Amino acid sequence: MTFLEKIIDKKKQEVAERKLQAAGKHTRKNPIYSLHQNVQAADHISIIAEIKRASPSKGAIQMDVDILKQAKQYEQSGAAAISVLTDESFFHGSLDDLKAVSEAVSVPVLCKDFMIDEIQIDDAKNAGASIILLILAALPLERFQRLYNYATEQGLEVLCEVHNADELKDALTVNPKIIGINNRNLKTFEVDLQTTAELVQQIDKGELTIISESGMRTKEDAELARDAGANTILVGETLMRSNHVESDMQALQVPLSSTKGAS
Ligand SMILES: O=P(O)(O)OC[C@@H](O)[C@@H](O)c1c[nH]c2ccccc12
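- The chain goes by Indole-3-glycerol phosphate synthase in an unreviewed UniProt entry, where it is assigned to Oceanobacillus aidingensis.
- Under the Pathway (unreviewed entry) heading, UniProt states for the chain: "Amino-acid biosynthesis; L-tryptophan biosynthesis; L-tryptophan from chorismate: step 4/5."
- As its UniProt record puts it under Sequence similarities (unreviewed entry), the chain is described as follows: "Belongs to the TrpC family."

**Quick notes on the site of the ligand**
Link 1 in the chain: The environment of the ligand is formed by 17 residues, the closest being Glu 50, Glu 161, Ser 214, Gly 236 and Glu 237.
Link 2 in the chain: In the environment of the ligand, an oxygen atom lies 2.9 Å from a nitrogen or oxygen atom belonging to the side chain of Arg 184.
Link 3 in the chain: Structurally, the ligand is housed in the second largest pocket.
Link 4 in the chain: Going through the elements one at a time, β6 (131-135) and β10 (232-235) are the ones with two or more residues in the shell around the ligand.

**Some remarks on the nonpolar core**
Link 1 in the chain: Leu 35, Tyr 74, Ile 82, Ile 132, Leu 134, Phe 144 and Ile 233 are the most contacted members of the largest nonpolar core, which has 83 residues in total.
Link 2 in the chain: For Leu 35, the contacting residues outside a window of four places in its chain are Ile 48, Ala 80, Ala 81, Pro 108, Ile 131, Glu 157, Ile 178 and Ile 211.

**Notes on the layout of surface pockets**
Link 1 in the chain: Roughly 670 Å³ of internal volume is contained in the largest pocket.
Link 2 in the chain: If you list the elements that add at least two residues to the lining of the largest pocket, you get α1 (3-20), α4 (95-104) and α5 (118-127).
Link 3 in the chain: Approximately 410 Å³ is the volume attributed to the second largest pocket.
Link 4 in the chain: Contributing to the lining of the second largest pocket are 31 residues, with Glu 50, Lys 52, Lys 112, Arg 184 and Ser 214 lying nearest its centre.
Link 5 in the chain: Counted by class, the lining of the second largest pocket contains 14 nonpolar, seven polar and 10 charged residues.

What counts and how
Residues numbered from 1 in each chain as written. Predicted model: local features only at pLDDT ≥ 70, side-chain atom pairs only at ≥ 80, totals over all residues. Heavy atoms only, no water. UniProt positions renumbered as here; feature names shortened; annotations may be inferred. Near = heavy atom within 4 Å. Polar contact = N/O pair within 3.5 Å; in protein donor to acceptor, adjacent residues only side chain to side chain. 1 Å grid on protein atoms, 1.4 Å probe; cavity = no way out; pocket = protein on both sides within 12 Å on 5 of 7 lines; lining within 4 Å. Sits in = over half its atoms within 2 Å of the grid points. Helix = DSSP H or I, 4+ residues; strand = E, 2+ residues; numbered from the N terminus. Core = buried A, V, L, I, M, F, W, Y, C linked by side-chain atoms within 4.5 Å. Buried < 20%, exposed > 50% of the residue type's maximum accessible area, 1.4 Å probe, protein only. Contact = heavy atoms within 4.5 Å. Points joined across faces, edges and corners; volume = space filled by probe spheres on them. Nonpolar A, V, L, I, M, F, W, Y, C, P; charged D, E, K, R; others polar.

Have a look at this one:
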């Protein structure tokens, strides 16, 4: 069994248990913000900065992080959105984390979880998310399309995450505004930054938000993503381990025109 299969098995159990409880109360306090608009307005690579205490591939990253302090630093350093891992069993996150972060910042928050059912989308929205993640590797096509439409009808943006050409083809069936190319294979955890370059070629970019996800460490990595055709990067571990979030984020926000220094 791959890790992804293990995670999805567990998620199915969690969702079944969740469905025995009452629907969530509408306690959301913050408005919905648009990542897509932030990305389109920027003249540099946009960053989705992630709150991630731990992961199955890396183990503990920063278990005792002050998430509000971290989120505010991300916002002050120009994050186009903040991603919050909400999976408890494998990533030590929670919807309470997402709610706390959403109420503390004025940028869109991405609910980073393994979504398989509408009830998770309701809960994410209720907790303050502006964006949800749908992972093509984790969903049959028809379910992906249904969840995409459901989330969009709720006014949320959807990050459609792909890792290979077949998943990309499936993602494009919904005409998504936001595509994430995960450089990490969720079945083997191998990271290859070239994944972005290989897949971007197959997208008619237009006004899309194209995110290169995972394994971003340096300015050179951000430049590689930009030169491949991405306009956004999603960065977790590097920022969680950083002692100077602000300068690290500044370095990663490379100008979008590859003719550096021009104009
Ligand atoms: O910590 P990194 O290598 O910067 O990666 C961040 C992000 O891309 C990664 O957390 C991620 C991408 N897609 C996911 C799906 C589920 C859980 C986690 C992820």
